[in-house]
Amino acid sequence: MKIIILGAGQVGGTLAENLVGENNDITIVDTNSERLRALQDKYDLRVVNGHGAFPNVLREAGAQDADMLVAVTSSDETNMIACQVAYSLFNTPNKIARIRSLEFLAERDRLFNKEALPVDNLIAPEQLVTEYIYRLVQYPGALQVVDFADGKVGLVAIKAYYGGPLVGKALSSLREHMPNIDARVAAIFRQDRPIRPQSTTIIEAGDEVFFVAASGHIRTVMAELQRLEGDYKRIMIVGGGNVGAGLARRLEKRYTVKLIEHTLARAEQLSEELENTIVFCGDAADQALLIEEHIDQIDVFIAVTNQDEANIMSAMLAKKLGAKKTMVLIQRSAYVDLVQGGSIDVAISPQQATISALLTHVRRADIVNVYSLRRGAAEAIETIAHGDSTTSKVVGRQVGELKLPPGATVGAIVRGDEVIIGHDQTVIEQNDHVVLFLVDKKFIPEIERLFQPSPFFL
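Residues numbered from 1 in each chain as written. Predicted model: local features only at pLDDT ≥ 70, side-chain atom pairs only at ≥ 80, totals over all residues. Heavy atoms only, no water.

### A short note on the environment of M80
At step 1: Topologically, M80 is positioned in helix 4 (residues 76–90).
At step 2: Assessed through its relative accessible area of 7%, M80 is described here as buried.
At step 3: When residues no more than four places from it in sequence are discounted, the contact partners of M80 are I99, F104, F112 and L117. (Helix = DSSP H or I, 4+ residues; strand = E, 2+ residues; numbered from the N terminus. Buried < 20%, exposed > 50% of the residue type's maximum accessible area, 1.4 Å probe, protein only. Contact = heavy atoms within 4.5 Å.)

Take a look at the structure:
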């Protein structure tokens, strides 16, 4: 596939990294020549120095025969105009734009269509991150929670702790502990190394376990791996930007929410807009303020300003003063591994949430959802099985018969409203939604080929 990426920032660079090794022809466009040079030195791709919305720049990038344009510059206006130019002058078939401004998103249905602005797929990073954090709040103790098949199936990452009924026991005992609930351990990471889960595999304290289950069974499975935490009730959010404000709106209906914003005008605006959130103007790293606002009674402290260091330091202080859990938004991917697991319980990368949404539109075969996991090393995908036993390598076959690449696991199959956990004897039928976990994303092309029906396959 020939793909043009506009923007060589963190999102554009990470997307190029994900796609360049998958037989794609990648061209990346940016006005920053140093960023382009760094990417060209590191990956096998073309670069074009220039403004991504200019016709001559898009022509030089090869828009006339490109399969896809992905506009992820820091400017919403540039991304929108680039899609318009690609459509009007080059008839580029698939156009994706990152849009951050709430003013544009509020009119998305009327703005983004072929009669107005021809953007085929819209990526809204702040909304993606807000939804991501909201799911983590719903499942206390989870490191990551992603949904498939319109919320029918969940893939959850959790750290196993001493005291969990299954810790120290083999995976085969999972069925004994939960005779009426089916779940599948898709992967185990022990000291950052993947272990292929088998019935004899012993769960150890400290293991990072990924499991797949019907959404209604997630809490029960979590309770097998760690002492199940009670629901969060009191939440403190730091940062009144799009993420913080959006999160407060989602949470204030069910939880007691306090929000700290350092800019007075923004704090006053939010206090008028939010219905049940208490808004303070102040510095979240101010120990006196946190003590005054009873930080020791806060169930989860969520720092989502646009400054990594401020988020990290305020969360560490909050934890020291008694906050039970801390979540931190971190832009720099190098920081994520450094901080998670100590005073910081969950480190959230907005780039990974954005990349997951982008990859959903870029992957071949009929792939409905893609989630980038473990800082981009692993992936979980939802794909639809098409064809029949004569044209498909998967339809009509048992899961155990599939020629899956190393480290790939079929976690679940959704057939209509029915959730079927993927065991070796499970037979895949036409139009099934199949949820797979891949320990190493380099095998994605093999999965795409496996699920693409062919008239020549017998």
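### Overview of helix 10 (residues 242–251)
Note: α-helices contain 3.6 residues per turn, so residues at a spacing of three or four share the same orientation.
At step 1: Among the 10 residues in helix 10, seven count as buried, and that is most of the element.
At step 2: Buried residues of helix 10: V243, G244, A245, G246, L247, A248 and L251, and no others.
At step 3: On its buried face, helix 10 is in contact with helix 7 (125–138), strand 12 (234–238), strand 13 (256–261), helix 11 (264–273), strand 14 (277–281) and strand 15 (300–303).

### Focus on the sheet that holds strand 21 (residues 418–421)
At step 1: An order of 18-19-22-20-21 is seen for the five strands of this open sheet, with the pairing classed as antiparallel. In the strand order of this sheet, the two ends are held by strand 18 (367–373) and strand 21, each with one partner. Across this sheet, the average inter-strand angle for adjacent strands is 15°, counted without regard to direction.
At step 2: Two elements, strand 18 and strand 19 (residues 378–384), share six bridges in a ladder whose sense is antiparallel. Its bridge partner lying in strand 19, N369 is registered against E382. (Pairing = 2+ DSSP bridges. Axes fitted to C-alpha atoms, helices over the stretch in contact; angles between N-to-C directions.)

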